[in-house]
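Given next are the chains, with one letter for each unit.
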Amino acid sequence: GFDISGHNVFVHDCNCWAQDDCFTVKDNYDGVSSNMLFENNNASGMAMVLGSIGGTHVKNITFRNFYVHHTFKGIYTKFRGGTGQM
């Protein structure tokens, strides 16, 4: 899948067919990821994921117009432990 961190990111018209995380937003080197748009994508498995194990800090993340086929978890947030914020 796509493990993405940073600022001002646009991911569009992609396919990810997996049994794990497909489109994942994780914190950046500066401790936060922000201003991301995921649009017109196809996914399976755990399709749209925010965060990771531990303290993850993300803000202003948009998932729009997804086709999610045979998903295990369509939208999944991972903020176990730490001081993660969403």
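The structure under discussion appears in the preceding block.
Rules used throughout
Residues numbered from 1 in each chain as written. Predicted model: local features only at pLDDT ≥ 70, side-chain atom pairs only at ≥ 80, totals over all residues. Heavy atoms only, no water. Helix = DSSP H or I, 4+ residues; strand = E, 2+ residues; numbered from the N terminus. Buried < 20%, exposed > 50% of the residue type's maximum accessible area, 1.4 Å probe, protein only. Contact = heavy atoms within 4.5 Å. Salt bridge = Lys/Arg side-chain N within 4 Å of Asp/Glu carboxyl O. Phe/Tyr/Trp six-rings, centres within 6.5 Å; stacked < 30°, edge-to-face > 60°. Lys NZ or Arg CZ within 6 Å of the ring centre and 35° of its normal.

Asker: Honestly, the side chain of T24 in this entry has me stumped. Any pointers?
Answerer: Tracing the sequence through the fold places T24 in strand β4 (residues 21-25). For T24, a relative accessible area of 0% corresponds to the buried category. In this view, T24 contacts F2, D3, I4, V49 and G51; residues no more than four positions away in its chain are not counted.

Asker: Sorry, what's going on with the pattern of salt bridges here?
Answerer: Two side chains bearing opposite charge may form a pair once their charged atoms approach each other closely. Tallied over the entire structure, the rule returns three salt bridges. For D3, the salt bridge is made with K26, and the minimal N-O distance between the two is 3.4 Å. Taken together, the positions of D3 in strand β1 (residues 2-4) and K26 in the loop between β4 and β5 (33-51) put the pair 23 residues apart, joining distant regions of the chain. Of the residues examined, D3 reaches a relative accessible area of 53% and is grouped as exposed.

Asker: Would you mind showing me how to read the packing of aromatic side chains here?
Answerer: The relation between two aromatic rings is expressed through the spacing of the ring centres and the mutual angle of the planes. Summed over all chains, the structure comprises five aromatic pairs. With centroids separated by 5.0 Å and ring planes inclined at 10°, the aromatic side chains of F2 and F23 adopt a geometry described as stacked. Here F2 is found in strand β1, whereas its partner F23 is found in strand β4, with 21 residues between them in sequence. Taken together, a centroid distance of 4.8 Å and an interplanar angle of 25° make the contact between F38 and F63 stacked. Here F38, found in strand β5, pairs with F63, found in strand β6 (residues 58-78); they are 25 residues apart in sequence, far enough to count as distant. In this structure F63 comes out as partly exposed when scored by relative accessible area, which is 23%. Every member of this aromatic cluster is reached through a ring pair, and the members are F2, F23, F38, F63 and F66. Taking NZ or CZ as reference, K73 lies 3.9 Å from the ring centre of Y76, over its face.

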